[in-house]
Amino acid sequence: MIQDKALVVFSGGQDSTTCLFWAIERFAQVEVVTFDYGQRHRFEIECAKEIANEMGINHHILDMSLLNQLTSNALTREEIKIEENSDGLPSTFVPGRNLLFLSFAGVLASQIGAKHIVTGVCETDFSGYPDCRDIFIKSLNVTLNLSMDCTFVIHTPLMWINKAQTWELADQLGVLDFVREKTLTCYNGIMADGCGECPACKLRKKGLEDYINAKSEFYEKNS
Ligand SMILES: [Zn+2]
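Residues numbered from 1 in each chain as written. Predicted model: local features only at pLDDT ≥ 70, side-chain atom pairs only at ≥ 80, totals over all residues.

Looking up the protein chain in an unreviewed UniProt entry gives the name 7-cyano-7-deazaguanine synthase, with the organism given as Solibacillus palustris. Checking UniProt for the protein chain, the heading Subunit (unreviewed entry) contains the comment "Homodimer." Here the protein chain is described in UniProt, under the heading Pathway (unreviewed entry), as follows: "Purine metabolism; 7-cyano-7-deazaguanine biosynthesis." (UniProt positions renumbered as here; feature names shortened; annotations may be inferred.)

J.: What exactly am I supposed to notice about the packing of helix H4 (residues 97–112) against helix H5 (residues 134–148) here?
T.: Helix packing for two helices is described by the angle between their axes and how far apart those axes are. At their nearest, the axes of H4 and H5 sit 11 Å apart, and the two run at 40° to each other. In this view, H4 runs oblique relative to H5, as classed from their interaxial angle. Between H4 and H5 lies a crossing whose hand is right-handed. Here Leu99, Leu102, Gly106 and Ser110 of H4 come into contact with H5, specifically with Leu140, Leu144 and Met148. Here the contact of H4 with H5 is built from residues that sort into five nonpolar, two polar and no charged. (Axes fitted to C-alpha atoms, helices over the stretch in contact; angles between N-to-C directions. Helix = DSSP H or I, 4+ residues; strand = E, 2+ residues; numbered from the N terminus. Parallel < 35°, antiparallel > 145°, perpendicular 65-115°, else oblique. Left-handed = near helix turned anticlockwise from the far one by under 90°. Contact = placed C-beta atoms within 7 Å. Nonpolar A, V, L, I, M, F, W, Y, C, P; charged D, E, K, R; others polar.)

J.: Quick question: what am I supposed to make of the UniProt feature "binding site: ATP" (unreviewed entry) in the protein chain here?
T.: Here, the residues flagged by UniProt with the feature "binding site: ATP" (unreviewed entry) are Phe10, Ser11, Gly12, Gly13, Gln14, Asp15, Ser16, Thr17, Thr18, Cys19 and Leu20. Examined against the element boundaries, Ser16 turns out to sit in helix H1 (residues 14–26). Residues within four places of Ser16 in sequence aside, it is in contact with Val8, Val9, Phe10, Ser11 and Gly120. Residue classification places Thr17 among the buried residues on the basis of 29 C-beta atoms within 10 Å. Setting aside residues up to four positions removed in sequence, Thr17 forms contacts with Gly12, Ile51, Val179 and Thr183. (Buried ≥ 20, exposed ≤ 12 C-beta atoms within 10 Å, placed from the backbone.)

J.: Help me understand the nonpolar core, please; the structure alone is not making it clear to me.
T.: Counting 49 residues, the largest nonpolar core has Ala6, Leu7, Val8, Ala23, Ala105 and Ile117 as its most contacted members. Setting aside anything within four residues of it in sequence, one finds Ala6 in contact with Ala23, Phe27, Val30, Ala114, His116 and Val118. (Core = buried A, V, L, I, M, F, W, Y, C linked by C-beta atoms within 7 Å.)

J.: Honestly, the environment of Gly174 in this entry has me stumped. Any pointers?
T.: Within the element layout of this structure, Gly174 appears in the loop between helix H6 (163–172) and helix H7 (176–182). Taking the C-alpha atoms as reference points, Gly174 and Phe21, 153 residues apart in sequence, are found 9.1 Å from one another.

J.: Got a minute to help me understand helix H8 (residues 199–221) in this structure?
T.: Because the α-helix completes a turn every 3.6 residues, residues three or four places apart line up on one side. Taking 1.5 Å per residue as the helical rise, H8 with its 23 residues ought to reach 33 Å, and the 33 Å between its terminal C-alpha atoms agrees with that figure. By the burial criterion, the buried members of H8 are Ala200, Arg204, Gly207, Leu208 and Tyr211. If you follow the buried residues of H8, they end up packed against H1 and H6. (Expected span 1.5 Å × (residues − 1).)

J.: Please explain the packing of H6 against H8 as it appears in this structure.
T.: One way to put it is that H6 packs onto H8 with a least axis distance of 7 Å and a crossing angle of 65°. Crossing angle aside, the handedness with which H6 passes H8 is right-handed. Note on element contacts: H8 touches H6 through Leu203, Arg204, Lys206, Gly207, Leu208, Asp210, Tyr211 and Ala214, opposite Lys163, Ala164, Thr166, Trp167 and Glu168. Looking at side-chain class alone, the contact of H6 with H8 contains six nonpolar, two polar and five charged residues.

Here it is, written out as structure tokens:
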């Protein structure tokens, strides 16, 4: 157990909830931050609140609604469909979103005395977000430290693993069912296994199936 405080960037989805449990296992103190940017589904923030509440964790919710002034995108505007744009990026893409979120997380971390920042960004299921890449996170870590004269450490436990391995991590942490039942990843705002049709549900479902299949094959071989 590391005797420091960690701040987890937390949306109430599968990835960040898994990161939250990862952090709880490692750090003496954990707090979470959720960014409210007028998500299409307000329920997402309610999910995050409920999980933080249930875990007895201090939950910071930052108003990032100004993001809507910068861009129109499918996560916040009902009338825009989630699909792949002509540039290959999903229509959910807000340029620099992660840069903004992590910078605000850094400022908050300095305010609450957290040395560690944990984020569920991932380069493996990379859907075209440049500010989810490992090289960007490393660069931002240096920038945050220089800007605030701090020694933050940004942790990205999911950076190099796929969705099946994210489920495996949740299972190892003893929270697979918790993550499966209490998180919201679905673009249509349906908790747990979701609508089953949107890209987020498909990715989540395939990962879970792959993991369960791999696990049962392993047990068959070893029984
Ligand atoms: Zn869905």
